[in-house]
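Survey of secondary and tertiary structure
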Amino acid sequence: MHKLRRHALVSALSAITVATLLTTGCSATNSPSTADKAVATTAETPETGAAEEQLAVVSAPDGDATPTAVADANAVDQGKAKKSALKVASYDRKSGRAVISAPSSASDAEPSAPPSETASEDPGTESDATPDANSGASRDADTSQDSGTKPKAAVAVGDVIASAPAPGAPDGVLAKVTEVVETAADGGTTVETEPAELNSVLGESEADGTVPVDPSTMEVDPLVQGVKVSWAKTGDLTFGPEGAKLPLGSLRIDVGASVETAPGASASAAASVEGFVQLAPEVAFSYDGSGSGSGSSPGGAFLGLTGDWASQWSLKGRAAGSTNGKPIRIPFAELHADPVIQVGPVPIVVNLDLVCYFQVDADGRVTVDVEQDLKGDFKVGGNFTWAKGWQGVSESHMTGEPLKTTVTAAGDVKAAMGAEATIGLYGTVGVTADVAPYLRAEADASAEGSADGTGSGSGSWALYGGIDLTGTLNLQLSIFGTPIFQTKIPLGAVHEEWLLTKGEART
């Protein structure tokens, strides 16, 4: 009987409670703490299903601000980074020690809801209005300093930081906090870190896109005299040599250089190469965190370099024969860029290096004056799937046109004007590729004689265009969070050749 009465009492209280809630409602206005929590959740937690949405892959915004994203180790949606107002003040790549700074005041962070809107909800909760999630670290630090207590650390153990290039980190930062060493009065937090992987900030998201490399950001180091550099971008057009107008987004390098001449060749047969290479490089990036991979590894990934290619070059004279079967290679310019691509809120730093070169492979017998105009495109990179692991991708579609053809004497010569490229992320080398369009000339001759002293001779020659594409995938591609492979993987060689023109002569 006693139990029945207690049960009836509980039921009555429950009914009263429900009635009260129905009468007063559950609005955030009447519950400041609930409002704060609700707004904070909206600011920090992605919408339902956001993990499966496609993240945009675009160039990072221009300006002096350094993009940063942080994956909170204590967040419900771990492995999903959010844009942050925190900055990497300094970083030592060798030791992994970094200083993370928060904005000096909330005004330095991104603006939160206007005060008028906050006040209209509840005048009594002005000081507790939820600010933008990005300014949280700064707010905590200021509050702690006002109360005279030790400032709160900007980050915690387990947090993963992704940052664009910062002091001491020209290649950007992708690191996981392993220890909070100390927090200074100004809010700077000294931490120990270890390298992190992309899946720790991209989580189950998906992303796929191609981002052009701004040609004006390329650092060019000429290696021979006479190198001229031209580039063009939207709103800032530069003309190439002799008034040549470049397509927007293109970089052009003109060069002329002497090549070792074959012994015994006349002065008029001095060997030289001259021409230009013009390219519009683009970074191709994709990530699939929603695949069927085991653990936290992504189900798919791709990193590569693609773009349009145009070159025109000539080979004149009688080049010396190759030494021990090795062609003569003449690098004429080194190029470097660290473009930052924005994948959703995460800044990803791409490291791109190019070495442009001439290469001549000759037998020292043939004298030529040949020139080719070549245009097309290329794509090189590494593609990961759980079914096949990492595989190389190498594609090229190029066509050539002869502009000048003179071949004398019998022999063979091959001249390439190419680029050796490396592309990686956050200071690692992921893909190495050698794109080498070439021009090849061959000539043969035969003679017939008779007893009366008369004779005849005949010869034929041919001029070919072609492309050689080779490369490797390197171990550092595991930065995506994919299983580590133990040896370099060949990119997959491409060799294509086409006839430009040919001829015969008879005497």
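Since the model is a prediction, treat every value here as computed from it, not as a measurement.

Assigned secondary structure in the chain consists of 5 helices and 26 strands. In the chain, the proportion of contacts linking residues at least 24 apart, taken out of those at least 6 apart, comes to 72%.

Our next topic: the side chain of T306. Mapping T306 onto the fold places it in strand β16 (residues 300-317). Reaching out from T306, the side chain makes a polar contact with the backbone oxygen of F378 at a distance of 2.9 Å. Aside from chain neighbours lying at most four places away, what touches T306 is T210, A280, P281, E282, F378 and K379.

What follows is about empty space enclosed by the protein. Scanning the model with the defined rule gives 1 cavity of 30 Å³ or more in all. Approximately 40 Å³ is the volume found for the largest cavity. Lining the largest cavity we find L279, L305, W309, L354, F378, A419, A421 and V435. For the lining of the largest cavity, the secondary structure elements donating two or more residues are β16 and β22 (411-425). When the residues that make up the lining of the largest cavity are grouped by side-chain class, the tally is 8 nonpolar, no polar and no charged.

This part is about the pattern of salt bridges. Tallying each qualifying case throughout the model produces 9 salt bridges. With a closest N to O distance of 3.1 Å, R365 and D363 form a salt bridge. Judged by its relative accessible area of 48%, R365 falls in the partly exposed class. For D363, a relative accessible area of 30% corresponds to the partly exposed category. Salt bridges sharing partners connect three or more residues here, namely R329, E420 and D434.

Caution applies to low-pLDDT regions: their predicted coordinates should not be interpreted in detail. Counting all residues, the mean pLDDT for the chain is 77, and 72% of those residues have values of 70 or more. Here residues 1-51 is a poorly scored stretch, pLDDT under 50, and it has 25 contacts once near neighbours within four places are set aside; other chains count.

Spatial strand order, β4-β3-β7-β8-β9-β6-β5: 7 strands in an open sheet with antiparallel pairing. The sheet terminates laterally at β4 (82-83) and β5 (87-91), the two strands that pair on one side only. The pairing of β5 with strand β6 (residues 97-101) spans 4 bridges and is classified as antiparallel. Bridge pairing in β6 places V88 opposite I100.

This brings us to the packing of aromatic side chains. Applying the stated criterion across every chain yields a total of 6 aromatic pairs. Aromatic side chains F384 and W390 sit 5.5 Å apart centroid to centroid with 45° between the ring planes, which places their arrangement in the tilted category. Neither F384 nor W390 differs from the other in exposure class; each is buried. Pairwise contacts between aromatic rings join F285, F384, W386, W390 and F480 into one cluster. Here R329 stacks its cationic end above the ring of Y357, 3.6 Å away from the centre of that ring.

Counting buried positions over the 7 residues of strand β9 (residues 189-195) gives 5, a clear majority of the element. Across 4 bridges, β6 lies against β9 in antiparallel orientation. Directly across from I100, in β9, lies its bridge partner T189. Bridging between strand β8 (residues 173-183) and β9 involves 7 bridges; their strand directions are antiparallel. When the sheet's bridge partners are listed, A175 is paired in β9 with P195. Connecting β8 to the antiparallel partner β9 that follows it, the hairpin turn spans 5 residues, and G187 within it adopts a positive phi of roughly 95°.

Counting through the fold element by element, H336 comes out in strand β17 (residues 328-337). Not counting residues up to four positions away in its chain, the partners in contact with H336 are T217, M218, E219, L352 and D353.

So, on to the environment of K375. Along the chain, K375 falls in strand β20 (residues 367-385). In this structure, the C-alpha to C-alpha distance between K375 and G400, residues 25 residues apart in sequence, is 6.5 Å. Those residues in contact with K375 that lie beyond four places of it in its chain are W309, A310, H397, M398 and T399.

It is worth spelling out the pairing of strand β21 (residues 389-408) at this point. Of the pairings in the sheet, the one linking β20 to β21 comprises 19 bridges and is antiparallel in character. The residue bridging V380 from the neighbouring strand is S394, located in β21. Remark: 3 residues form the turn of the hairpin made by β20 and β21, two consecutive strands paired antiparallel.

Turning our attention to the nonpolar core. In terms of nonpolar packing, the biggest core is built from 93 residues, with L198, F285, L425, Y426 and F480 touching the most fellow members. At 10 residues, strand β19 (residues 346-362) tops the list of elements feeding residues into this core. For F285, the residues in contact, after removing those within four places along its chain, are L198, L202, A207, D208, G209, F302, I341, V343, I348, L425 and F480. Formed by 16 residues, the second largest nonpolar core is a distinct cluster that contains L86, A98, I100 and A166.

By secondary structure assignment, the location of R329 is in strand β17. Residue classification places R329 among the partly exposed positions, given a relative accessible area of 36%. Setting aside anything within four residues of it in sequence, one finds R329 in contact with Y357, F358, Q359, E420 and D434. A polar atom in the side chain of R329 sits 2.6 Å from the side chain of Q359.

Analysis parameters
- By convention here, each chain's residues receive numbers from 1 onward along its written sequence.
- Reporting of local features is limited, given that this is a predicted model, to residues whose pLDDT is at least 70; pairs of side-chain atoms are given and counted only at 80 or more, and all residues count toward the totals for whole chains, interfaces and linings.
- Based on all heavy atoms of the structure, the side-chain values leave hydrogens and waters out of the count.
- The helix count covers DSSP runs of H or I at least four residues long, the strand count covers runs of E at least two residues long, and both are numbered beginning at the N terminus.
- We call two residues in contact whenever any of their non-hydrogen atoms come within 4.5 Å of each other.
- Here a polar contact is recorded for every N or O atom pair within 3.5 Å, except that within protein the pair must consist of a potential hydrogen donor and a potential acceptor, and residues adjacent in sequence are included only if both atoms are side-chain atoms.
- The rule is simple: put a 1 Å grid over the protein atoms alone, call a set of points where a 1.4 Å probe fits but cannot get out a cavity, call an open set with protein on both sides within 12 Å along at least five of seven lines a pocket, and count a residue as lining if it has an atom within 4 Å of a point.
- Grid points are joined across faces, edges and corners, and a volume is the space filled by probe spheres set on the points.
- Under the scheme applied, nonpolar residues are Ala, Val, Leu, Ile, Met, Phe, Trp, Tyr, Cys and Pro; charged residues are Asp, Glu, Lys and Arg; polar residues are all the others, including Gly.
- The salt bridge criterion pairs a side-chain nitrogen of Lys or Arg with a carboxyl oxygen of Asp or Glu, the two atoms within 4 Å.
- Here's how the labels work: a residue is buried when its accessible area is under 20% of the maximum for its type, exposed when over 50%, partly exposed in between, all with a 1.4 Å probe on protein chains only.
- You can read pLDDT as the predictor saying how much it trusts each residue, on a scale of 0 to 100.
- The criterion for strand pairing is that DSSP finds at least two bridges linking the strands in question.
- Any Phe, Tyr or Trp ring, taking Trp's six-membered ring, that has another such ring centre within 6.5 Å forms a pair; planes under 30 degrees apart are called stacked, those over 60 apart edge-to-face, and the others tilted.
- Lysine NZ or arginine CZ positioned within 6 Å of the ring centre and within 35 degrees of the ring normal marks a charge as sitting over the ring.
- Residue types Ala, Val, Leu, Ile, Met, Phe, Trp, Tyr and Cys, when buried and joined through side-chain atoms within 4.5 Å, form a set referred to as a nonpolar core.

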